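Here's the letter readout for the chains.
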Amino acid sequence: MTGCPSDSALRRLGADELPAAAARSLEQHLDDCDRCRARLDALTDVIAVGAALGGPRPGPADLSHVLDRLRSDGTEVTARVAWGLPATDRPGFIGRLGVIEIRREIGRGGMGVVYEGLDPTLNRPVAVKVLSPHLLGDAAARERFLREARAAAALTHEHVVTLHAIDQHAGVPYLVLQYVAGESLAERLAREPKLPVADVARIGGQVARGLAAAHARGLIHRDVKPANVLLDAETGAVRLTDFGLAKLVGGETITGVGVVAGTPAYMSPEQAAGGAVDARTDLFSLGAVLYTAAAGKPPFDGDSPHAVLFQVREAAPRALADVDPTLPAWFCSIVDRLLEKDPARRVQTAAEAADLLERRPVTPKRPRYAWLATAIVIALGLIAVIALALSNRDASPAVEPSTPESNVPVPAGFVVVATGNRYTSLWAAAKAAADGDTIEIHGDGPYLERRVEIRGKGLRIRAVPGSRPRIRPAQTGKFVEPHWIHTDSDLTIEGVEIHWPASADRPALDALFNHAVVHAMGNQLTVRRCQIVCGKPAVCVVAGGERVEIEDSHFVADDGVGVWWRSPGGASLKVGRSVFEGTAAVFHSFGPAEAQKTDPIAVTLADNTFAAKGVWAFVYPAVPKVTVRFDSRRNLVSGNYLFGTPTRTTSDAAPSLRGLVVWSEADNVYDRKGNFLAAIRANPWMIIPSELKSLADWNLFWKSDATGSVEADVRFRARPPAAGYAPPRLERVENASGPVPGWVESSAGAVN
Amino acid sequence: MHTRASLLCRIRDPRDARAWDEFVRIYAPLLLGYGRRRGLQEADAADIAQDTLRNVVRAAPGFVYDQARGSFRGWLFTLARNQIRKFATRFDGRGAGGSDVRRVLEAEPDPAADRDDWDREYRLALFHRAADRVRPDFRGPTWDAFWRTAVDGEDPAAVAAALGLSTGAVYVARSRVTSRIRQEVRALDGDEP
């Protein structure tokens, strides 16, 4: 057809690029020309686009839920900042801000994102805090903030995080701060809501010193709260961070971000009322922090920020001494004086608060191992001699009369006994120690530790009498290291509490048990009077040695295993007077092939409480020629499974176990709810109870009789969620004829 | 051709506050739809969407600088699929819900078909979002002329009569809307889907 437009003309018509007259003329042409209509449709893809839009819309129309979640988890802020980082050539780094090379994100929230960075000019690690564009408002507000922050940069103090520099990139301000390896008090409290009062006082004293230095320069913090109190893992020092940032957000709720200026739970009444504040506002907040750490909950609480602010202004908090009557009076009195609503009635200066907290009277210590003695007497029905021996041993330092003069505390730390040298971390002490050395731990800590790796030297690590050191990982969060304390040599560890916190990041299923708090691959391992808590899906202790002894210890592995023994042939494991909680208590498998001997393996279990939810002994029939001799006496077994043996079918389980195990037992108590034998399907994990349902079946299975063991209803009292890690308390052990002799808890109320 | 930077470039400018909202509006429904198609319940699909977008954000700087790694569409697919696998593994055989989750795992579809479905939905998500965005730019009967004939499939001559337009004007209207939508899709995605 003549007069038809070119492709280019039709494209320009579709793109609305033709002059109006030309377009009108083509439009008239299209009234009649079918061919050009089809050409236009094809050139502008009308059919395909129409079809796409005719299809269903993916996903829901309402996204507010997802948007909220992405705001509150900090993803939005990161997107807006991290994606804007200019590129860097440095390998292993994700971007650059000014001169600072950015290595990785270490935290984020509604206010911004924190990165670990490197200042290449000084080759020092720094923390870079990039503030959310939301908080900034206009250029004037930004300038004001920058001026304030530059004033804070002039402050250097051992208890204040140093602000090295402040700058902006693409209109987004960021702070370059001293890098503190460790965790914040908020993270610490998330794991352990209630801290010992000595720790709270020490932390409070150091925060107050930092505040005093800032106040002397006219700087008010305005947002003293646990998240801004950093605990340095290297030195143990406390450092206060984020000076003046609260002022940036000006006391308003930032619509749509959910950030409230200052933090209501720790805000002073004058700040909550929006009135003028002076340095004493920080002292009130310090009081609220101390209250929270000592009581396990903040002084003011409510369903909404508004409700909390109302409480802060109007309500008196519940007296600290009522919340926990065991708190010392001197401490409660300092906190009360800090929490005075009227600034004029408060402790007036930070220096005074520091003096009060540092000059705390030394109080007699409570017996350290009271819980253990109680557990033994109550839970295990042991003869009194052992309990007495234990309590004598451990109570002696506690009953010494203590006066401030005579009770000069031994400096805390780790001493290598052979050299007398003192170290601030187990890591450093273990590095310095020689084969056969003893490391003594003084003080209760908590010691924030990096990974400890011991190679080629046998060590004994023990708490000195009167100390109950608590060891925590300096790094939290991801599974950075599979094993926290690793040794390839002999190890004895005594009187220590080691807690590995829970992690939201779970390892893949097959890696679940390859993570251990203590990973001891030497020939000998001894664990005495320790408490090992493993909040992660992992193992408290993995032992690979020929001689493993566990005594008087408490294992909590809520999502894993208490003790996993990977034994060579001919080895022995003794577990006595210990308490196990978690998914599985004792897990046995054969060690690496080269360590295998065909000699029988001996397992002695005596006077333990197995309060594990699931399996308490696995036996892998991987090496059928090795026999495992079990001697089990006076244990309380409250769990669903006595033995697990991995097989394909349930009916295979029983003969495979009987071919492997020589069983002898006496005077055990089995929880009636449990099963006696289970098959384990390894992949996917499944536990299949066998037909052995009762003690009678079990005895028949082993052809044993007159063992003295009984079945009973066993009940433990639930542990209060905030009570920390005390061993489980028995509430009831009874069978059809009444309470089981020797196991009865006659005075439930007296058990503590 | 088009002068606007793609969404992935825009989002790198912290001053462009709308880029992130736009990003979530396109990709969150896509991820939610994918999770549901893979048999997840609503709450689990929302978890997957949240986690995947977090991972995108965490890894995006590296991705953006490394164009050799392929299309954003393919990368996002890999992240989403891995997230579902991780989710299924995490709960597999571990108590309540285990069997449901195993069903999802076992039901992992043929990879090629899964990818095809993803590409199709990705395209749909972009076109729908682009259409939302250009809709206010058209006044008068232009949008209706496009929607009724190209999307709903009504006869152009009948629609022209109903809207008081010439038939030629309906064809011009729908080609203009289509061109704008395609332009918008390019602006959002960078890649030509």
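Conventions we followed
- Residues numbered from 1 in each chain as written.
- Chains lettered and ligands numbered in written order.
- Predicted model: local features only at pLDDT ≥ 70, side-chain atom pairs only at ≥ 80, totals over all residues.
- Helix = DSSP H or I, 4+ residues; strand = E, 2+ residues; numbered from the N terminus.
- Buried ≥ 20, exposed ≤ 12 C-beta atoms within 10 Å, placed from the backbone.
- Contact = placed C-beta atoms within 7 Å.
- Core = buried A, V, L, I, M, F, W, Y, C linked by C-beta atoms within 7 Å.
- Pairing = 2+ DSSP bridges.
- Axes fitted to C-alpha atoms, helices over the stretch in contact; angles between N-to-C directions.
- pLDDT = per-residue confidence, 0-100.
- Arc of directions from axis to C-beta.
- Parallel < 35°, antiparallel > 145°, perpendicular 65-115°, else oblique.
- Left-handed = near helix turned anticlockwise from the far one by under 90°.
- Nonpolar A, V, L, I, M, F, W, Y, C, P; charged D, E, K, R; others polar.

What follows is about the overall build of chain B. Counting secondary structure elements, chain B contains nine helices and zero strands. Across the 193 residues that make up chain B, the buried fraction comes to 45%. A fraction of 62% describes how many contacts in chain B between residues 6 or more apart in sequence connect residues 24 or more apart.

Moving on to the nonpolar core. Of all hydrophobic cores here, the largest spans 161 residues; its most connected members are Val128, Val517, Val541 and Val563 of chain A. The residues contacting Val541 of chain A, other than those within four sequence positions of it, are Ala516, Val517, Val518, Ala520, Val527, Ile532 and Val563 of chain A. By size, the runner-up hydrophobic cluster in this structure holds 66 residues, among which are Val66 and Leu70 of chain A together with Ala145 and Val170 of chain B.

This part is about the sheet that holds strand S17 (residues 459-463) of chain A. Backbone hydrogen bonds hold the strands of a sheet together, and the pairing may be parallel or antiparallel. Residue and element names in this part refer to chain A. Read across the sheet, 11 strands follow the order S13-S12-S14-S17-S20-S23-S26-S28-S30-S33-S36 without closing on themselves; strand pairing throughout is mixed. The open sheet has two edge strands, strand S13 (421-423) and strand S36 (661-666), and neither has a second partner. For this sheet the average axis-to-axis angle between neighbouring strands, irrespective of direction, equals 10°.

All names here are of chain A. The three strands lie next to each other as S7-S8-S9, forming an open sheet whose pairing is antiparallel. Strands with a single pairing partner mark the edges of an open sheet, and in this sheet they are strand S7 (182-184) and strand S9 (238-240). Within this sheet the neighbouring strands show an average axis-to-axis angle of 25°, counted without direction. Here strand S8 (residues 229-232) runs beside S9; their pairing, made up of three bridges, is antiparallel.

Residue and element names in this part refer to chain A. A residue-level look at chain A finds 72% of positions with pLDDT of 70 or above and a mean pLDDT of 76. This stretch, residues 249-260, has a pLDDT under 50; its non-local contacts, to residues over four places away or in other chains, come to 21 contacts. Segment residues 362-410: pLDDT under 50, and 60 contacts once partners within four positions in sequence are set aside and those in other chains are kept.

For an α-helix the count is 3.6 residues per turn, leaving residues at separations of three or four pointing the same way. Of all the positions in helix H1 (residues 7-14) of chain A, only Leu10, Leu13 and Gly14 of chain A are classed as buried. One face of H1 of chain A carries all of its buried residues, which in axial projection span an arc of 95°. Tucked inside the fold, the buried residues of H1 of chain A contact helix H2 (20-32) and helix H3 (34-43) of chain A together with helix H9 (167-189) of chain B. Trailing H1 of chain A by a residue or two, Asp16 of chain A shows a phi angle of about 60°, which is positive.

Before going further, it helps to spend a moment on the packing of helix H6 (residues 111-134) of chain B against H9 of chain B. Residues and elements named next belong to chain B. As a packed pair, H6 and H9 sit with axes 8 Å apart at the nearest point and diverge in direction by 115°. Judged on the interaxial angle alone, H9 and H6 are roughly perpendicular. The two elements H6 and H9 cross, and the hand of that crossing is right-handed. Facing Leu126, Phe127, Arg129, Ala130, Ala131, Arg133 and Val134 of H6, the residues of H9 in contact are Arg180, Ile181, Glu184, Val185, Leu188 and Asp189. Taken together, the residues of the contact of H6 with H9 sort by class into eight nonpolar, no polar and five charged.

Moving on, we come to the confidence of the model for chain B. Parts of the prediction with low pLDDT should not have their coordinates interpreted in detail. All names here are of chain B. Across chain B, the average pLDDT comes to 77, with 75% of residues at 70 or higher. Contacts from residues 1-5, a stretch scored under 50 in pLDDT, to residues over four places away or in other chains number five contacts. Note that pLDDT drops below 50 for residues 92-101; the model gives that stretch 15 contacts with residues more than four away or on any other chain. Here the predicted complex carries an ipTM of 0.81, next to a pTM of 0.44.

All names here are of chain A. Every second residue of strand S24 (residues 531-534) is oriented toward a common face, with Gln531 and Val533 on one face and Ile532 and Cys534 on the other, all of them buried. The sheet contact formed by strand S21 (residues 497-500) and S24 spans four bridges and is parallel. In the strand pairing of S24, His499 is matched with Val533.

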